[in-house]
Amino acid sequence: MEKLKIRIDFLKDEDNDAILDLSHRCIQQGVISVYPDRSPEFNRLHKQIDSESFHFVARYGDKIIGCVGIIYTPVQSMGQTFRSVYLLDFKVDPEYQKGLTAYRLARETLDFLFKDENVMIIATIIKGNQSSHIFTRGRAGFSGSSLLGEIQVNNILLLRKRKIDPRFII
């Protein structure tokens, strides 16, 4: 019996159900625990923001076990506009988190990005997510990064259902 190798390649349209399933199983841990629910089409939002956006995925046989997403975005610095990268959706199947899958995904992504003239790579990490710091603190062969600041997200959640005002037709 041949042992399968993990392959890194691009997410395809036909992978939508598999990537949605992976996303639901990969809870981001920190001061809050969350996962993005991008049903029914995982890539729709990314493509609306940047038509060149893409995801690398890690595959073990036919199963998707990890992913990392890229959105190109312009950043202005010192009067110039640079093409930068926003890194998102970095996740690995819980069964594969103790192996090299995350390292391989990050390494392949950075090798791909450094072929281009990207000036800056930006990522947001939930406060308290300690496992992500191997990629930000200059460990495992990755260059260190700078903390640009903390982001505060405020949400207003309605706890009771509102009725539609009968004066308006929706």
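A few points on the structure. (Residues numbered from 1 in each chain as written. Predicted model: local features only at pLDDT ≥ 70, side-chain atom pairs only at ≥ 80, totals over all residues. Heavy atoms only, no water.)

**Let's talk about the pattern of salt bridges**
Phase 1: One pass over the full model with this rule turns up 12 salt bridges.
Phase 2: A salt bridge links lysine 12 to aspartate 9, with the nearest nitrogen and oxygen atoms 3.9 Å apart.
Phase 3: Since its relative accessible area comes to 38%, lysine 12 is described here as partly exposed.
Phase 4: The exposure class of aspartate 9 is buried, given its relative accessible area of 19%.
Phase 5: Connected through salt bridges with shared partners, the residues Arg7, Asp9, Lys12, Asp15 and Arg59 form a single ionic network. (Salt bridge = Lys/Arg side-chain N within 4 Å of Asp/Glu carboxyl O. Buried < 20%, exposed > 50% of the residue type's maximum accessible area, 1.4 Å probe, protein only.)

**Some words on unusual backbone geometry**
Phase 1: The omega torsion across serine 39 and proline 40 is 0°, close enough to zero to call that bond cis.
Phase 2: On the secondary structure map, proline 40 appears in the loop between helix H1 (16-25) and helix H2 (44-49).
Phase 3: Phi is positive for aspartate 89, which is not a glycine, with a value near 60°.
Phase 4: The residue aspartate 89 is located in strand E4 (residues 80-92) in this model. (Helix = DSSP H or I, 4+ residues; strand = E, 2+ residues; numbered from the N terminus.)

**A closer look at H1**
Phase 1: Along H1, the residues that are buried comprise Asn16, Ile19, Leu20, Leu22 and Ser23. Buried residues of H1, viewed axially, fall in a sector of 160°; they line one side.
Phase 2: Turning to H1, the residues buried within the fold contact strand E2 (54-60), strand E3 (63-77) and E4. (Arc of directions from axis to C-beta. Contact = heavy atoms within 4.5 Å.)

**Some thoughts on the pairing of E4**
The side chains of a regular strand alternate, first on one face of the sheet and then on the other.
Phase 1: Inspection of the sheet shows E3 paired to E4 by 11 bridges, in the antiparallel sense. The partner of isoleucine 71 across the bridge, within E4, is tyrosine 86.
Phase 2: As consecutive antiparallel partners, E3 and E4 are separated by two residues, and within that stretch methionine 78 has a phi angle of approximately 50°, a positive value. (Pairing = 2+ DSSP bridges.)

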